[in-house]
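What follows is the residue order along each chain.
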Amino acid sequence: MTILVTGGAGYIGSHTVVELLNAGANVVVLDNLSNSSVESLRRVEEITGKSVTFVQGDILNKPLLQKLFSDYSFEAVIHFAGLKAVGESVAQPLRYYENNVTGTVILCQVMAEYKVKNLVFSSSATVYGDPASLPITEEFPTGATNPYGQSKLMVEHILADLHHSDNSWNIARLRYFNPVGAHASGRIGEDPNDIPNNLMPFISQVAVGKREYLSVFGDDYNTHDGTGVRDYIHVVDLAMGHLKALDKLATKPGLVTYNLGTGTGYSVLDMVKAFEKACGQSIAYQIAPRRPGDIAACYANPDKARTDLGWEATHSIEDMANSCWKWQSKNPNGYSE
């Protein structure tokens, strides 16, 4: 089977491409490289011993998508391509809505035109906003607190309306919690092009001396140590969730939604301590004001994915920290060595 992976050169995308190739799929990656590197795909080929077809381009480019769909016989699309920084989305909402919402609409238009109606959508736990209770199940009310989360929620609504209008679509909406870690080889990992928006790249850049200290945004939350609590999930576990979702689409389930998380919440300082253990040195940090749009705690109830997909996270907090450190210490400048 041939799978189109949009945003496949990115962090989660590249790890998913490894697992797809290992499972025997043919993979075509479309990526505009705005926050990724084609070097990641070269290393994916090195890890798997298999080749990836790469097309540099944008999901907003409808003629390019039409050419891709006419050139290849896709069975399904895994849609990662999207901007993903909460703070940046607050500053640049129109950019986020154009890329994440309009881009997905154009992708779905072309999929419909070529009768490819199997889609795995990369959504986010940010669609739950500030949850009234924890852990979060898929039935919780949604309501994002920032434009990034709103863009993911808008796409979820669009996909629900699309399925309602035409029930021959099979769509899996995967709500990720907080992806961390790297491939066991240390050859691919998270390599933000600019200032990191996620915690672990920040911690690891402090560890390799690229940054002086970690800013911890808020220490007065109602959590066990005052810092924000999140459900950190190893990126390889997350990648395997996409393969399980593809298997589910083959059973023609219609529209399905799953939380991909571990069900365990760790605080920022818990992650710092785990990383200190992995790298054998202390991580300098300073407490900074809370960020707008941040919430105190967020972690999943992943039971539905376990029951429906036969999927669950298997990597520990130690695995996350160790693999992250292996990637960062081997690649202090990411893919730009």
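This text goes with the structure placed above it.
Cut-offs used in this document
- Per chain, residues are indexed from 1 in the order of the written sequence.
- With pLDDT at 70 or above as the cut-off, local features in this predicted model cover only qualifying residues; side-chain atom pairs require 80 or more to be listed or tallied, and sums for whole chains, interfaces and linings still use all residues.
- Only hydrogens and water are set aside when side-chain values are computed; all heavy atoms of the structure are taken into account.
- By the convention used here, strands pair only if DSSP detects at least 2 bridges between them.
- Under the DSSP-based scheme used, a helix requires at least four consecutive residues in state H or I and a strand at least two consecutive residues in state E, with every element numbered from the N terminus.
- Partly exposed describes any residue whose relative accessible area lies between the buried limit of under 20% and the exposed limit of over 50%, with all areas from a 1.4 Å probe on protein chains only and scaled to the type maximum.
- Residues grouped as a nonpolar core are buried Ala, Val, Leu, Ile, Met, Phe, Trp, Tyr and Cys residues, joined through side-chain atoms within 4.5 Å.
- Only heavy atoms enter the contact rule, under which two residues are in contact if any of them lie within 4.5 Å.
- When charges are counted, neither His nor the chain ends are considered; positive counts come from Lys and Arg and negative counts from Asp and Glu.
- One speaks of a salt bridge when a side-chain nitrogen belonging to Lys or Arg is within 4 Å of a carboxyl oxygen belonging to Asp or Glu.
- Between N-to-C directions, angles cover 0 to 180 degrees, with each direction set by a line fitted to C-alpha atoms, over the stretch in contact for helices.
- Here a crossing is called left-handed whenever its near helix is offset anticlockwise from the far helix by less than a right angle, and right-handed whenever the offset is clockwise.
- Amino acids outside the nonpolar list (Ala, Val, Leu, Ile, Met, Phe, Trp, Tyr, Cys, Pro) and the charged list (Asp, Glu, Lys, Arg) are all regarded as polar, and Gly is one of them.

Examining the sheet that holds strand 12 (residues 266-267)
Two orientations exist for strands paired in a sheet by backbone hydrogen bonds: parallel and antiparallel.
Next up, step 1: The strand order 12-9-14 describes an open sheet built from three strands, whose pairing is mixed. Sheet topology places strand 12 and strand 14 (297-298) at the edges, where each strand pairs with a single neighbour.
Next up, step 2: As defined by bridge partners, strand 9 (residues 229-230) adjoins strand 12 across two bridges and the pair is classed as antiparallel. Each residue of the ladder has a partner; that of Arg 230, found in strand 12, is Tyr 266.

Details of the pairing of strand 11 (residues 255-260)
Next up, step 1: Most of strand 11 sits out of view: five of its six residues are buried.
Next up, step 2: When strand 6 (residues 170-176) meets strand 11, the two strands line up parallel, connected through six bridges. Note on strand 11: the bridge partner recorded for Ala 172 is Val 256.

Focus on the nonpolar core
Next up, step 1: In terms of nonpolar packing, the biggest core is built from 40 residues, with Ile 3, Val 5, Val 17, Leu 20, Val 27, Ile 78 and Leu 174 touching the most fellow members.
Next up, step 2: Per element, the largest residue contribution to this core is seven residues, and it comes from helix 8 (residues 235-249).
Next up, step 3: Setting aside residues no more than four positions away along its own chain, Leu 174 makes contact with Val 120, Phe 121, Ser 122, Ser 123, Ser 124, Gly 241, His 242, Ala 245, Tyr 258 and Leu 260.
Next up, step 4: Counting 25 residues, the second largest nonpolar core, distinct from the first, contains Leu 107, Leu 119, Leu 159 and Trp 169.

Details of the side chain of Asp 237
Next up, step 1: Looking at where Asp 237 falls in the secondary structure, it is placed in helix 8.
Next up, step 2: Within the buried core, Asp 237 has no salt-bridge partner, and the shortest N-O distance to an opposite charge, that of Arg 306, equals 11 Å.
Next up, step 3: With residues up to four places along the chain from it excluded, the contact list for Asp 237 reads Trp 311, Glu 312, Ala 313, Thr 314 and His 315.

Observations concerning the sheet that holds strand 11
Next up, step 1: The seven strands are arranged 3-2-1-4-5-6-11 in an open sheet whose pairing can be described as parallel. Sheet topology places strand 3 (53-56) and strand 11 at the edges, where each strand pairs with a single neighbour. Between one strand axis and the next, the sheet turns through 20° on average, direction left out of account.
Next up, step 2: Two elements, strand 1 (residues 2-6) and strand 2 (residues 26-31), share five bridges in a ladder whose sense is parallel.

Brief notes about the packing of helix 3 (residues 62-71) against helix 5 (residues 93-113)
Next up, step 1: One can describe the packing of helix 3 onto helix 5 by two numbers: an axis separation of 10 Å at closest approach and a directional angle of 35°. Between helix 3 and helix 5 the crossing geometry is right-handed. Between helix 3 and helix 5, the contacting residues are Lys 62, Leu 65, Gln 66 and Phe 69 on the first element and Ile 106, Leu 107, Gln 109, Val 110, Met 111 and Glu 113 on the second.
Next up, step 2: Of the residues belonging to the contact of helix 3 with helix 5, the class tally is six nonpolar, two polar and two charged.

Regarding the pairing of strand 4 (residues 76-79)
Next up, step 1: What you see with strand 4 is no split at all: Ala 76 and Ile 78 on one side and Val 77 and His 79 on the other are buried throughout.
Next up, step 2: As judged from the four bridges shared by strand 1 and strand 4, these two strands associate in the parallel manner. Within the sheet, the bridge partner assigned to Leu 4 lies in strand 4 and is Val 77.

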